[in-house]
Amino acid sequence: GDAGHDLPIAGYSADVKSTATHIREPDLIVPADRDPSAELFVLAHRIEEQKVRLVGWAERDTVTDRETERAPGSRLNYIVPFDELRPIPTK
């Protein structure tokens, strides 16, 4: 476990969520079993053994302002679809 966030980004607490799925457009999945304390959630997609792409991000309100789902397994999660994620700034 951690404090609910992994690192600061631009003065905000951020939690990085990762996936190794082969889905080209993965969703951001945040467990709902504890109140998300990070201000931002970043989705990192492992595409090779040593290669990760940063897919996008969402603010805490975007994550928690939706119904929880028992998906992809039996655990309750907040799920932000791929097409609702904000792009990672490149500069």
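Our structure is the block above this text.
This structure is a prediction, so every number in the text was calculated from the model and none was measured.

1. Observations regarding the sheet that holds strand S6 (residues 69–70)
- The three strands are arranged S3-S7-S6 in an open sheet whose pairing can be described as antiparallel. Single-partner strands in this sheet number two, and they are strand S3 (28–31) and S6.
- Looking at chain direction, S3 and strand S7 (residues 76–80) are connected through four bridges and run antiparallel. Each bridged residue has a counterpart across the sheet, and for Val30 the counterpart in S7 is Tyr78.

2. Overview of the sheet that holds strand S1 (residues 7–9)
- Taken in spatial order, the four strands make up an open sheet running S1-S2-S4-S5, and their pairing is mixed. Bordering the open sheet on either side are S1 and strand S5 (51–59), each of which pairs with just one other strand. Averaged over neighbouring strand pairs, the angle between their axes works out to 40° when direction is ignored.

3. Structural notes on the nonpolar core
- If you look at the biggest cluster of nonpolar residues, it comprises eleven residues: Leu28, Val30, Ala38, Phe41, Leu43, Val55, Ala58, Val63, Tyr78, Val80 and Leu85.
- At the level of elements, S3, strand S4 (40–48), S5 and S7 are the ones that each hand at least two residues to this core.
- Those residues in contact with Val55 that lie beyond four places of it in its chain are Pro26, Leu43, His45, Phe82, Leu85 and Ile88.

4. Here we look at the environment of Asp61
- Its location among the elements puts Asp61 in helix H1 (residues 60–64).
- Judged by its relative accessible area of 57%, Asp61 falls in the exposed class.
- Placed 22 residues apart in sequence, Asp61 and Glu39 show a C-alpha to C-alpha distance of 8.3 Å.

5. Some remarks on the pattern of salt bridges
- Scanning the entire structure with this criterion turns up five salt bridges.
- Note that Lys17 is salt-bridged to Asp15, the shortest N-O span being 3.2 Å. The same class applies to Lys17 as to Asp15, namely buried.
- Its salt-bridge partner being Glu49, residue Arg46 comes within 3.1 Å of it at the nearest N-O pair.

What counts and what doesn't
Residues numbered from 1 in each chain as written. Predicted model: local features only at pLDDT ≥ 70, side-chain atom pairs only at ≥ 80, totals over all residues. Heavy atoms only, no water. Pairing = 2+ DSSP bridges. Helix = DSSP H or I, 4+ residues; strand = E, 2+ residues; numbered from the N terminus. Axes fitted to C-alpha atoms, helices over the stretch in contact; angles between N-to-C directions. Core = buried A, V, L, I, M, F, W, Y, C linked by side-chain atoms within 4.5 Å. Buried < 20%, exposed > 50% of the residue type's maximum accessible area, 1.4 Å probe, protein only. Contact = heavy atoms within 4.5 Å. Salt bridge = Lys/Arg side-chain N within 4 Å of Asp/Glu carboxyl O.

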